[in-house]
Amino acid sequence: MAQLDGQVALVTGAGRGIGRTIALQLAREGADIAVTDINEDWAQETARDITDIGRKSIANCTDVGDYDQVQALTAQSVATLGKIDILVNNAGISKARPFLELTKEEWEAQLRVHMSGTFYCSQAAARDMSRRGYGRIICISSVAALMGPIDLAAYGAAKAGVAGLVRAMALELADHGITANAVAPGPIDTELLRSAWPKEVYEERANHIPAQRLGIVDEIAHAVAFFASPESGYISGTILPVDGGSVAAGAYMVEKYRRRKANGGAS
Ligand SMILES: NC(=O)c1ccc[n+]([C@@H]2O[C@H](COP(=O)([O-])OP(=O)(O)OC[C@H]3O[C@@H](n4cnc5c(N)ncnc54)[C@H](O)[C@@H]3O)[C@@H](O)[C@H]2O)c1
């Protein structure tokens with residue numbers, strides 16, 4: 001028996017990238033999946049692939065930053081698939097901009113999708129989870145929430161807000177058998193990353209990561225599946241970096257990089 005047999009997961013931003021891989025991973029582990037994305041075609045494609053795996057799935061087009069749309073999303077998910085056991089707050093946007101040039105609109109867009117979206121989806125899903133006294137909420141934060149990011153002030157602040165919300169939910173929802181955790185990815189090779197960084201920055205970035213490579217989407221899905229497991233019930237309120245060791249290395253990465261360059265790759 002797969003560990004998520006009989007369970008239902010709702011994954012936001014599941015049309016492509018990390019979210020799509022998470023949805024497929026949870027389906028392979030036995031869960032039925034409510035796939036939602038602001039792009040309807042992408043959501044439908046992921047839902048079709050989940051049906052091919054042999055699980056039930058619905059495709060839904062929702063903007064997570066719209067409160068009413070999120071209420072309709074969770075109502076539809078419960079009406080069609082019966083309940084929500086697992087929520088993955090993955091939908092996200094990113095755009096690099098120096099702090100002094102950041103516009104009001106860009107600032108508000110980041111807070112809207114990441115913070116409001118995570119709050120709206122988590123509250124609506126937790127209301128259903130609390131009826132059965134069981135739930136797993138997993139948010140995709142970022143290492144930008146744990147370090148001072150460059151040209152990503154709004155993104156980093158919004159992702160740090162998500163981490164704060166996770167800790168608050170972990171405490172308040174514990175009474176209802178619901179855990180809340182976050183995965184904080186380092187740079188993961190997706191369309192979002194390629195669009196946020198110029199090509200030369202993107203290609204150079206791996207040299208500044210202890211693991212000497214960008215992460216792949218499956219590595220984030222693996223961490224999400226860990227938190228989603230029924231066996232992870234005593235883990236709540238944590239922010240797990242999945243970043244090739246970057247947060248741990250901190251400023252020492254400068255010296256590691258210098259030695260690697262001096263020694264032709266080895267340190
Ligand atoms: N790729 C990285 O390096 C990286 C690093 C750290 C954190 N993250 C986070 O991981 C998550 C997924 O990122 P990705 O790299 O797969 O990006 P992506 O752009 O490939 O996928 C994001 C998905 O979210 C959807 N989306 C955007 N705004 C939405 C909204 N308002 N409502 C519903 N859906 C919406 C998009 O349509 C898209 O399908 C994001 O939260 C991102 O911030 C990514």
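Along each chain, numbering runs from 1 in the same order as the chain's sequence is written. Local features in this predicted model are restricted to residues of pLDDT 70 or higher, and side-chain atom pairs are both shown and tallied only at a pLDDT of 80 or more, whereas totals for entire chains, interfaces and linings draw on every residue. Heavy atoms from the whole structure form the basis of all side-chain values; hydrogens and water molecules are not counted.

Trainee: Break down the state of the cysteines for me, citing the residues and quoting the values.
Mentor: Note on terminology: pairs of cysteine sulfur atoms within 2.5 Å are recorded as disulfides. With the rule as written, the count across this model stands at zero disulfides. Summary of cysteine pairing: cysteine 61 is not part of a disulfide, and the nearest cysteine sulfur, belonging to cysteine 121, is at 13 Å. Counting only cysteine sulfurs, cysteine 139 is the nearest neighbor of cysteine 121, a cysteine outside any disulfide, at a range of 9.4 Å.

Trainee: Describe in detail helix α4 (residues 104–132), supporting the description with residues and values.
Mentor: Helix length check: α4, at 29 residues, gives a terminal C-alpha distance of 41 Å against a target of 42 Å (1.5 Å per residue), a fit within 8%. One or two residues past the end of α4 sits glycine 133, with phi positive at roughly 70 degrees. Helix numbers and strand numbers start at the N terminus; a helix is a DSSP run of H or I with at least 4 residues, a strand a run of E with at least 2. Multiplying 1.5 Å by the helix residue count minus one yields the expected span of that helix.

Trainee: For the pattern of salt bridges, give the residues involved together with the corresponding values.
Mentor: Here a salt bridge means any side-chain nitrogen of Lys or Arg lying within 4 Å of a carboxyl oxygen belonging to Asp or Glu. Under the defined criterion, the tally for this structure stands at 14 salt bridges. With a closest N to O distance of 3.2 Å, lysine 83 and aspartate 85 form a salt bridge. The exposure class of aspartate 85 is buried, given its relative accessible area of 3%. With a shortest N-O distance of 2.6 Å, glutamate 219 and arginine 213 are connected by a salt bridge. Here the term buried applies to any residue with accessible area under 20% of the maximum for its type, exposed to any over 50%, and partly exposed to those in between, with areas from a 1.4 Å probe on protein chains only. Here glutamate 219 falls in the partly exposed class, since its relative accessible area comes to 26%.

Trainee: Give a description of the packing of aromatic side chains that names residues and reports values.
Mentor: When the centres of two rings from Phe, Tyr and Trp lie within 6.5 Å, Trp using its six-membered ring, the rings pair. Their planes under 30 degrees apart give stacked, over 60 give edge-to-face, and anything left gives tilted. For the structure on display, the rule yields three aromatic pairs. Their ring planes at 90 degrees and their centres at 5.2 Å tell us that tyrosine 67 and tyrosine 120 sit as a pair that is edge-to-face. In this pair, tyrosine 67 is assigned in helix α3 (residues 67–81) and tyrosine 120 in helix α4, connecting sequence segments 53 residues apart. On the basis of relative accessibility, which here comes to 36%, the residue tyrosine 67 falls in the partly exposed class. The buried category is assigned to tyrosine 120, whose relative accessible area is 18%. Ring geometry for phenylalanine 226 against phenylalanine 227: centres 5.4 Å apart, planes inclined by 55 degrees, an arrangement best described as tilted. Owing to a relative accessible area of 42%, phenylalanine 226 belongs among the partly exposed residues under this scheme. With a relative accessible area of 2%, phenylalanine 227 lands in the buried category.

Trainee: Could you give me a rundown of unusual backbone geometry, with the residues and numbers involved?
Mentor: Its identity is not glycine, yet aspartate 151 carries a phi of approximately 65 degrees, on the positive side. Overall, aspartate 151 belongs to the partly exposed group, its relative accessible area being 33%. Look at glutamine 212: it is not a glycine, yet its phi comes out positive at around 60 degrees. With a relative accessible area of 41%, glutamine 212 lands in the partly exposed category.

Trainee: Talk me through the site of the ligand; I want residue IDs and the actual numbers.
Mentor: One heavy atom within 4 Å of a molecule or strand makes the whole residue count as near it. Around the ligand, 28 residues are found, and the nearest of them are Asp37, Asn90, Tyr155, Ile188 and Thr190. For this analysis, a polar contact is any N or O atom pair within 3.5 Å, provided that within protein one partner can donate a hydrogen and the other can accept it, and provided that sequence-adjacent residues contribute only side-chain to side-chain pairs. Contact between the ligand and asparagine 90: an oxygen atom at 2.7 Å from a main-chain N or O atom of the residue. Lysine 159 is positioned such that a nitrogen or oxygen atom in its side chain is 2.9 Å from an oxygen atom of the ligand. All accessible-area figures derive from a Shrake-Rupley calculation using a 1.4 Å probe, and residue coverage is judged against the displayed protein chains alone. Out of a free accessible area of 820 Å², the ligand has 95% covered by protein chains.

Trainee: Tell me what's going on with the sheet that holds strand β6 (residues 178–185), and back it up with residues and numbers.
Mentor: Taking strand neighbours across the sheet as the criterion, the seven strands line up as β3-β2-β1-β4-β5-β6-β7 in an open arrangement whose pairing is parallel. In the strand order of this sheet, the two ends are held by β3 (57–61) and β7 (239–242), each with one partner. Between one strand axis and the next, the sheet turns by 15 degrees as a mean value, whatever way the strands run. Taken together, the five bridges between strand β1 (residues 8–12) and strand β2 (residues 32–37) define a ladder with parallel strand orientation. Opposite valine 11, over in β2, you have valine 35 as the bridge partner. Two residues form a contact once any of their heavy atoms are found within 4.5 Å. Lines are fitted to the C-alpha atoms to define the axes, a helix being fitted only along its stretch in contact, and any angle between axes, read from their N-to-C directions, falls within 0 to 180 degrees. Helix-sheet contacts for helix α2 (residues 40–53) involve β2 and β3, and the interaxial angle to β3 is about 175 degrees. Sheet strands touched by α4: β1, β4 (86–89), β5 (135–140) and β6. Its angle to β4, the strand with the most contacts, is close to 180 degrees. Only strands joined by at least two bridges in the DSSP assignment are considered to pair.

Geometry only, nothing functional implied.
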